[in-house]
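What the coordinates show
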Amino acid sequence: MSENTKKCAMADFRSQTELVDEVTPLKKKSTHWRGLVAYWILGLCNNFGYVVMLTAADDIIKSHSDSHDERKGARDCIHLSTGAILLADILPALFVKLLAPFIPFFVHVRVGLCIIVAGAGFLMVAFSDNITMSIAGVVLTSFCSGLGEVTFLQYSAFYDKNVVSTWSSGTGGAGVIGAATYTILNTFGMKNTLLIMLIVPITMGISFWIILPRPSDEDKKMVEIQKRVNLEEVDSPLRSFSKKVKKIPSLMKFIIPLCTVYLFEYFINQGTFELIKIKNDFVHPDKQYHWLQVDYQIGVFLSRSSVNLFHVRHIWVFSLLQLLNVVIFTTEAMYYYIPYFWIILALTFWEGLLGGAAYVNTFYRISAESKEEDKQFSLAATSFSDSIGISMAGVLAIYAHNKICDMPLPSGA
């Protein structure tokens, strides 16, 4: 080979190397942003149905009530509390979250099942002709929400820790968009609104299988770790289970505060919202429940999107502040001492901020502080703590609802 040919070949090799060096960072940057965007959409789609069912809870119950016989006392309460819808919307999710961290991680099967079940839930509630069928549809939606949350949080271990931030923001966005969309579209009727929302599970599939880059493009080290974990789960399931159980005590510093925050806030949402009726204000009493749900979700969305701006390490602070909110909302439902609806809106917004901040700071800390081999299980195991709190809130909300309904109206009400 002549000297000139060698020089040309070397120059060509250097130019190709430089091109690869330039393209590789661009490719990494592209896949990084695709991961962030995909996780925001996945968070939005995963929690959308859950939020819609809670926003529609009052309508679901009223649509199957024989108004006169179902109402109680001077407060004109419907006998069945929206806490019953809350339980149907959270207990299946709790069951899934408790089970999923301990079974092999087949992500594509889980996501496919989630999409099918979510669509079935919307259809069942839309075409329901009795309360049992409606609650069955809510149960299916809850199953999807629980399975999706634990699966996508586990899967986030394969990506940059900031996908936890965009996931949390997306779940918060689901609250605002889901509650507001239902409230606005409800003018067309609950059935038509729920049929329109079938686009949500379809969007989830597009986001997961098309927009989200494969983990091997982002973190090959984590892929290899997961392969070893999967082999251990298949070859020695008892040993794997035992190792996971032993990790749970170290997660209690995350589980207990998050559980109590959600216990308090969902007791407020499903135990007091429907009982707070402020007359002669800018929102009709029959519409106040819907707008309180929207307002709450706006607060959740903003705080769940805030973790890249500031972090809060002491999550227990949110529990104490949320307990104070319980006292305010419960006494208002009993005694009607707050004169204006905008004050209730401000308190509800604050309640949402506390709940969303507790959620995102918990999972961000786990993602940032856990060992690589423990991260996936830690994220999944902690995800059931909010569901436990919400389930407890549902039971307490039903009890509190009936007790307050039996009370006489305060003087001047």
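Definitions and cut-offs
Residues numbered from 1 in each chain as written. Predicted model: local features only at pLDDT ≥ 70, side-chain atom pairs only at ≥ 80, totals over all residues. Heavy atoms only, no water. Helix = DSSP H or I, 4+ residues; strand = E, 2+ residues; numbered from the N terminus. Buried < 20%, exposed > 50% of the residue type's maximum accessible area, 1.4 Å probe, protein only. Contact = heavy atoms within 4.5 Å. Areas by Shrake-Rupley, 256 points an atom, 1.4 Å probe, with all protein chains shown as cover. Core = buried A, V, L, I, M, F, W, Y, C linked by side-chain atoms within 4.5 Å. Phe/Tyr/Trp six-rings, centres within 6.5 Å; stacked < 30°, edge-to-face > 60°. Lys NZ or Arg CZ within 6 Å of the ring centre and 35° of its normal. Expected span 1.5 Å × (residues − 1). Axes fitted to C-alpha atoms, helices over the stretch in contact; angles between N-to-C directions. Parallel < 35°, antiparallel > 145°, perpendicular 65-115°, else oblique. Nonpolar A, V, L, I, M, F, W, Y, C, P; charged D, E, K, R; others polar. pLDDT = per-residue confidence, 0-100.

Moving on, we get to the overall build of the chain. Assigned secondary structure in the chain consists of 17 helices and 2 strands. When burial is assessed residue by residue, the chain has 54% of its 413 residues classed as buried. A separation of at least 24 residues holds for 86% of the contacts in the chain among residues at least 6 apart in sequence. Of the accessible surface of the chain, which amounts to about 18600 Å², a share of 67% is contributed by carbon and sulfur atoms.

On to the nonpolar core. Ranked by internal contacts, the top residues of the largest apolar core, which has 102 residues, are Tyr39, Tyr155 and Tyr266. Considering each element in turn, this core owes the most residues, 13 residues, to helix α1 (residues 3-55). Among residues more than four places away in sequence, those in contact with Tyr155 are Tyr39, Phe105, Val107, Phe208, Leu212, Arg214 and Pro215.

Note on aromatic pairs: each is described by the distance of the centres and the angle between the planes. In this structure the tally under the stated criterion is 15 aromatic pairs. With 5.3 Å between their ring centres and 65° between their planes, Tyr155 and Phe158 make a pair best called edge-to-face. Given the relative accessible area of 4%, Tyr155 is considered buried. Following the ring pairs from residue to residue traces out a cluster consisting of Tyr39, Phe152, Tyr155, Phe158, Tyr159, Trp167, Phe208 and Trp209. Over the aromatic face of Phe208 sits the side chain of Arg214, whose NZ or CZ is 5.4 Å from the ring centroid. Residue placement shows Arg304 over the ring face of Tyr359; its charged tip is 3.7 Å from the ring centre.

Position of Thr362 among the secondary structure elements: in helix α15 (residues 341-369). Assessed through its relative accessible area of 0%, Thr362 is described here as buried. Setting aside residues no more than four positions away along its own chain, Thr362 makes contact with Phe254, Leu258, Ile315 and Thr382.

Glancing now at helix α13 (residues 285-304). Between its first and last C-alpha atoms α13 spans 29 Å; for 20 residues at 1.5 Å apiece the expected length is 28 Å, and the two agree. Of all 20 residues that make up α13, 14 are buried, and the element is covered over most of its length.

Describing two packed helices takes the angle between their axes plus the distance from one axis to the other. Packing of helix α12 (residues 252-271) against α13 brings their axes to within 11 Å, and their N-to-C directions diverge by 155°. The pairing of α12 with α13 is recorded here as roughly antiparallel in orientation. From α12, Tyr262, Glu265, Tyr266, Asn269 and Gln270 reach across to α13, where they touch Tyr289, Gln293, Tyr296 and Arg304. Residues that form the contact of α12 with α13 fall into these classes: 4 nonpolar, 3 polar and 2 charged.

Residues shown with low pLDDT carry predicted positions that ought not to be read at fine detail. Scored by pLDDT, the chain comes out at a mean of 80, with 81% of its residues at no less than 70. Averaged pLDDT values for the elements of the chain fall to 44 in helix α3 (residues 67-70) and rise to 95 in helix α9 (residues 199-211). Long-range and interchain partners of residues 8-24, a stretch whose pLDDT sits below 50, account for 1 contact in this model, where long-range means more than four residues apart.

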